[in-house]
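Architecture at a glance
Residues per chain, in single letters:
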Amino acid sequence: MNKESIPEEGVTIHNAGLVILQSYFPILFERLGIVERREFFSQEKQAAAVHYLQYIVTGQTDTEEHFLALNKVLCGLGVTTPIKRGIEMTSEEEQLIDGMIQSVISIWSAIGSSTVNGFRGNWLVREGILRETEDRWELIVEKRPYDVLMMKYPLSFSIIKMPWMSKPIHVTWPY
């Protein structure tokens, strides 16, 4: 991926909160049958992963491509790599992903009880700026008043490097 793939000042993304769930992605992708031994089965499965990640954030299966830059980076694709607009998901796949979100809610006791959609709105649908440098990606997440609860988040997400990514994402989430 070349550095001209996004402007130097970065791009605004609307799903920056997705990064807090990054610890779950490898096992989720295995359970969805799109990776094995830390590699995607095909480019088609890699593109499907982009949409599975967006379903995590919005609960929707049809998303315009310009909203998927972070997802593409998390799935090891270039931000300018074209992919189809949506994905067809089975009810089992939706239940698997919603169950994953519910498990995060249950282990993060500081936020109390929440619905899956409430969690999406409070934590996952979040503005951010994504920038590419020579050796890494940088993501700066928008701050919200209740982000003080991030201090009690039980999982790490400050540096994200999936096996299929060419360079890590360094996350700044001010709280």
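- Identification of the protein chain as Contractile injection system tape measure protein from Pseudotenacibaculum haliotis is taken from an unreviewed UniProt entry.

**Overview of helix α2 (residues 43-58)**
- Spanning 16 residues, α2 covers 23 Å between terminal C-alpha atoms, matching the ideal 22 Å at 1.5 Å per step.
- Counting buried positions over the 16 residues of α2 gives 12, a clear majority of the element.
- When α2 is considered as a whole, its buried residues turn out to be Q46, A47, A48, A49, V50, H51, Y52, L53, Q54, Y55, I56 and V57.
- One or two steps after α2, the chain reaches G59, where phi turns positive at roughly 75 degrees.

**Considerations on the packing of aromatic side chains**
- Taken as a whole and judged by the stated rule, the model has 10 aromatic pairs.
- Grouped by ring-pair contacts, the aromatic residues W108, F119, W123, Y146, Y153, F157 and W173 constitute a single cluster.
- One cation-aromatic arrangement involves R120 over Y55; the distance from NZ or CZ to the ring centre is 5.1 Å.

**What about the layout of surface pockets?**
- What the largest pocket holds in volume is close to 190 Å³.
- Along its surface, the largest pocket is lined by 13 residues, and E44, K45, A48, K84 and I87 are the ones closest to its centre.
- With six residues, the single largest contributor to the lining of the largest pocket is α2.
- The residue inventory of the lining of the largest pocket, partitioned by class, reads seven nonpolar, two polar and four charged.

**Focus on unusual backbone geometry**
- Non-glycine residue R37 carries a positive phi angle of around 50 degrees.
- Using a relative accessible area of 71% as the deciding quantity, one classes R37 as exposed.
- With phi around 65 degrees, R38 is a residue other than glycine that occupies positive phi space.
- Secondary-structure assignment places R38 in the loop between β2 (35-36) and β3 (39-40).
- Look at R38 and you get exposed, because its relative accessible area is 56%.

Reading guide: rules and limits
- Within each chain, residues carry numbers counting from 1 in the order of the written sequence.
- pLDDT decides what is reported in this predicted model: residues at 70 or higher carry local features, side-chain atom pairs at 80 or more are listed and counted, and totals for whole chains, interfaces and linings draw on all residues regardless.
- Excluded from the side-chain calculation are hydrogens and water; included are all heavy atoms of the structure.
- Think of it this way: any DSSP run of H or I at least four residues long counts as a helix, any run of E at least two long counts as a strand, and we number them from the N terminus.
- Multiplying 1.5 Å by the helix residue count minus one yields the expected span of that helix.
- Between buried and exposed lies partly exposed: a residue is buried under 20% and exposed over 50% of the maximum accessible area for its type, with that area taken using a 1.4 Å probe on protein chains only.
- Any Phe, Tyr or Trp ring, taking Trp's six-membered ring, that has another such ring centre within 6.5 Å forms a pair; planes under 30 degrees apart are called stacked, those over 60 apart edge-to-face, and the others tilted.
- Throughout this description, the term charge over a ring refers to an Arg CZ or Lys NZ atom that lies within 6 Å of the ring centre and within 35 degrees of the ring normal.
- Put simply, the grid is 1 Å and covers the protein atoms alone, a cavity is a trapped set of points that fit a 1.4 Å probe, a pocket is an open set with protein on both sides within 12 Å along at least five of seven lines, and lining residues have an atom within 4 Å of a point.
- Grid points are joined across faces, edges and corners, and a volume is the space filled by probe spheres set on the points.
- Basically, the charged four are Asp, Glu, Lys and Arg, the nonpolar ten are Ala, Val, Leu, Ile, Met, Phe, Trp, Tyr, Cys and Pro, and anything else, Gly included, counts as polar.

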